[in-house]
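Listed below are the residues making up each chain.
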Amino acid sequence: MRLDLTILAPYLGFLGQGAALTAVICLLSLAGAVVLGMLVAIARTSQTVWIRRLAFIYVDVFRNIPFIVQLFFFYYGLPEIGIYIDAITTGVIALSIAGGAYASDAIRSGILAIDNGILEAAEVSGLSKRVTFTRIVLPIALRTSVRPLGSVLINMILTSSILSTITVNELTGQAKIVASDTFRPFEVYAVLLVVYAALTWLVSIGISRLHKRLNRDLASEAA
Amino acid sequence: MRYGDFTTYDLLLLAQGLGVTVGLFLVTSLIGLVIGVLWGVVRFYRIPLLTPLITFIAELLKNSPVLVQLFLVFFGFPAFFHLNVTPVQAAIVTLSANTAAFIYVIAVSAIESVGREQIDAARAFGLSRWQVLRHVIAPQAAAFSIGPLTALLVNQLQVTSLISVIGVMDLAKIGATLNLRTLKPFIVWAVVGLLYYLTAKLIAAAGARYETRLRRFSEFRGL
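Below or above, wherever it landed, is the structure these notes cover. As the structure is a computational prediction, the values presented were derived from the model and not from experiment.

Further remarks concern the overall build of chain A. When helices and strands are counted, chain A shows ten helices and zero strands. Seen in sequence order, chain A has helices and strands lined up from the N terminus as α-α-α-α-α-α-α-α-α-α. For the C-alpha atoms alone, the extent of chain A along its principal axes is close to 70 × 45 × 25 Å. The proportion of buried residues among the 223 residues of chain A is 44%. For chain A, the proportion of contacts with a sequence separation of at least 24, taken over those separated by at least 6, is 76%. Looking at chain A as shown, the accessible area adds up to about 11,500 Å², and 66% of this sits on carbon and sulfur atoms. Across chain A, the centroid of the 17 positively charged side chains sits 6 Å from that of the 13 negatively charged ones.

Written out as structure tokens, the structure reads:
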């Protein structure tokens, strides 16, 4: 009945490895999610109806099905069709696809928030549609959606713990091993809970700073 | 002989799993709603010590993975407090607490959405703090919070799928069982995903319906 955190001391390095893997997975998945989210956001703001509808179905499906079900679908399903990849890659793919659905919403609202005057100015200046999009719309949309994309990242950090169910030894996976090694699950998971909370708190502070820095010239409108 | 084919009994299993998922979802949402609103009321009365404590606990629950919370309750509590915790009990405790943390946030912003001048006016008429809360704030806050509440509940339905990891026979666990027996991951996980999707849509539709009903009373009807 005595809380003794010193038993965790020998395992700090081991847990650190897990945390590093969590960080790598989250960064890779964030990159994947932003790329995918950008494409889907473009599709959702497209003028062609069926492209818009297809993109909506993707977002709707992946937001309304539990991540663990999606993960098992890929983890058990991909080998069935002859694609043999390791659990970490499967996890990153699943996180990217699920995160992409959320990221697309963030970027889409960034695109929709762009002032029509800017688009008209670009048109008048004789810029082609593609150049307007890649040089004007996307940079503004990505910049204003830093904060919502940040909450996608925070969600991703929390969701990545589910990868421990498909044998990926990230932070939660390592903690499971430590818990069964020491027979002190309470200490291990209590510390893990606080570590995750501290981690996401730090990330959210970083995101606020980044958001302020990137949007410093629009301070009056973006606040 | 290996029973690798689907049987009609599997439909019964799926229905059973869906029942467990929906049942636990309803129970934990209800408990979470009661606790979360109570926390919101505590904050409204600005009870010293209790308010910062609740805010701290809510932040901790919101910013850590539900999987780790589940492990803490299911593996940690029995080891530390020498209790017997069944998977279903652990699931109910964890999901209720988690839902409560998110509902607390909604409750706080709903209470704050009611204008200060209304409260001042009500106080000037001699209403007690409780009467203000009950007759002025509660009806408006309820109408305000239905939208975020529906989004939260759709999310919490997906979170319930994590309890399959600690052995509750919910829909996701039934999916894992069927997957192991039939080795047809694509069909099994697609069906399980579809069932979750439809349930989520049902919740969203119910929320939208209820919202229009509540909003009807708050609309300005003319003099």
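What follows concerns the nonpolar core. Ranked by internal contacts, the top residues of the largest apolar core, which has 85 residues, are F67 and Y189 of chain A together with V192 of chain B. Ignoring sequence-local partners within four residues, the contact set of F67 of chain A consists of A94, L95, A98, T159, I162 and L163 of chain A.

It is worth spelling out the packing of helix α1 (residues 12-44) of chain A against helix α4 (residues 87-112) of chain A at this point. Residues and elements named next belong to chain A. For the pair α1 and α4, interaxial distance at closest approach is 5 Å and the crossing angle is 45°. Our classification of the angle between α1 and α4 gives oblique. Handedness of the crossing formed by α1 with α4: right-handed.

Let's shift gears to the environment of L21 of chain A. Inspection of the secondary structure assignment puts L21 of chain A in helix α1. Beyond its immediate chain neighbours, meaning those up to four positions away, L21 of chain A contacts I88, V168, N169 and E170 of chain A.

Within the secondary structure, S29 of chain B sits in helix α1 (residues 8-44). When sequence neighbours within four positions are dropped, the list of residues in contact with S29 of chain B reads T99, I103 and L153 of chain B.

What follows concerns the interface of chain B and chain A. Taken together, the 35 residues of chain B in the interface contact 35 residues of chain A. Both sides together, the interface formed by chain B and chain A hides about 3,200 Å², and carbon and sulfur atoms give 79% of it. Ranking the residues of chain B by area buried against chain A places F80, F186 and W189 of chain B at the top, with a combined share of 21%. Seen at the junction of chain B and chain A, the total is one salt bridge. One salt bridge in this structure joins K201 of chain B and D60 of chain A, with 2.9 Å as the shortest N-O distance. Where chain B meets chain A, there are five residue pairs in polar contact (both at pLDDT 80 or more). At the level of elements, α2 (50-62), α3 (66-81), α6 (129-159) and α8 (185-218) of chain B are the ones that each hand at least two residues to the side of chain B that touches chain A. When residues in the side of chain B that touches chain A are grouped by element, the largest group, eleven residues, is from α3 of chain B. In terms of residue class, the side of chain B that touches chain A is made up of 23 nonpolar, nine polar and three charged.

Looking now at a nonpolar patch on the surface. On the surface, a nonpolar cluster with roughly 650 Å² of combined accessible area is contributed by Y45, I47, L50, L53, F56, I57 and W130 of chain B. Of all the elements, α2 of chain B adds the most residues to the nonpolar patch, at four residues.

Before going further, it helps to examine unusual backbone geometry. Phi at F183 of chain A takes a positive value of approximately 60°, unusual for a residue other than glycine. Mapped onto the elements of the fold, F183 of chain A is located in the loop between α8 (171-182) and α9 (185-214). Its identity as a non-glycine residue notwithstanding, L183 of chain B has a phi of 55°, on the positive side. Inspection of the secondary structure puts L183 of chain B in the loop between α7 (171-182) and α8.

With that out of the way, let us pick up the packing of α4 of chain A against helix α6 (residues 129-144) of chain A. Residue and element names in this part refer to chain A. Relative orientation of the contacting elements α4 and α6 amounts to 120°, with a least axis distance of 8 Å. Here α4 runs over α6; the crossing is right-handed. Across the interface between the two elements, I107, G110 and I111 from α4 touch F133, V137, A141, L142 and T144 from α6. Partitioning the contact of α4 with α6 into residue classes produces six nonpolar, two polar and no charged.

Before going further, it helps to spend a moment on the packing of aromatic side chains. By convention here, two paired aromatic rings are described through the distance between centres and the angle between planes. Enumeration according to the criterion identifies 17 aromatic pairs over all chains in this entry. Judged by centre distance (5.3 Å) and plane angle (45°), the ring pair of Y189 of chain A and F71 of chain B falls under tilted. With Y189 of chain A in helix α9 and F71 of chain B in helix α3, this residue pair bridges two chains. Residue Y189 of chain A is classed as buried on the basis of its relative accessible area of 2%. In this structure F71 of chain B comes out as buried when scored by relative accessible area, which is 2%. Ring centres of F74 of chain B and F75 of chain B lie 5.0 Å apart, and the angle between their planes is 65°; this geometry places the pair in the edge-to-face category.

Cut-offs and rules
- Residues numbered from 1 in each chain as written.
- Chains lettered and ligands numbered in written order.
- Predicted model: local features only at pLDDT ≥ 70, side-chain atom pairs only at ≥ 80, totals over all residues.
- Heavy atoms only, no water.
- Helix = DSSP H or I, 4+ residues; strand = E, 2+ residues; numbered from the N terminus.
- Buried < 20%, exposed > 50% of the residue type's maximum accessible area, 1.4 Å probe, protein only.
- Contact = heavy atoms within 4.5 Å.
- Areas by Shrake-Rupley, 256 points an atom, 1.4 Å probe, with all protein chains shown as cover.
- Lys, Arg positive; Asp, Glu negative; His and termini not counted.
- Charge placed at Lys NZ, Arg CZ, Asp CG, Glu CD.
- Core = buried A, V, L, I, M, F, W, Y, C linked by side-chain atoms within 4.5 Å.
- Axes fitted to C-alpha atoms, helices over the stretch in contact; angles between N-to-C directions.
- Parallel < 35°, antiparallel > 145°, perpendicular 65-115°, else oblique.
- Left-handed = near helix turned anticlockwise from the far one by under 90°.
- Buried area = accessible area lost by both parts, 1.4 Å probe.
- Salt bridge = Lys/Arg side-chain N within 4 Å of Asp/Glu carboxyl O.
- Polar contact = N/O pair within 3.5 Å; in protein donor to acceptor, adjacent residues only side chain to side chain.
- Nonpolar A, V, L, I, M, F, W, Y, C, P; charged D, E, K, R; others polar.
- Patch = residues over 30% accessible without salt bridge, like charges linked within 9 Å, V, L, I, M, F, W, Y side chains within 5 Å.
- Phe/Tyr/Trp six-rings, centres within 6.5 Å; stacked < 30°, edge-to-face > 60°.

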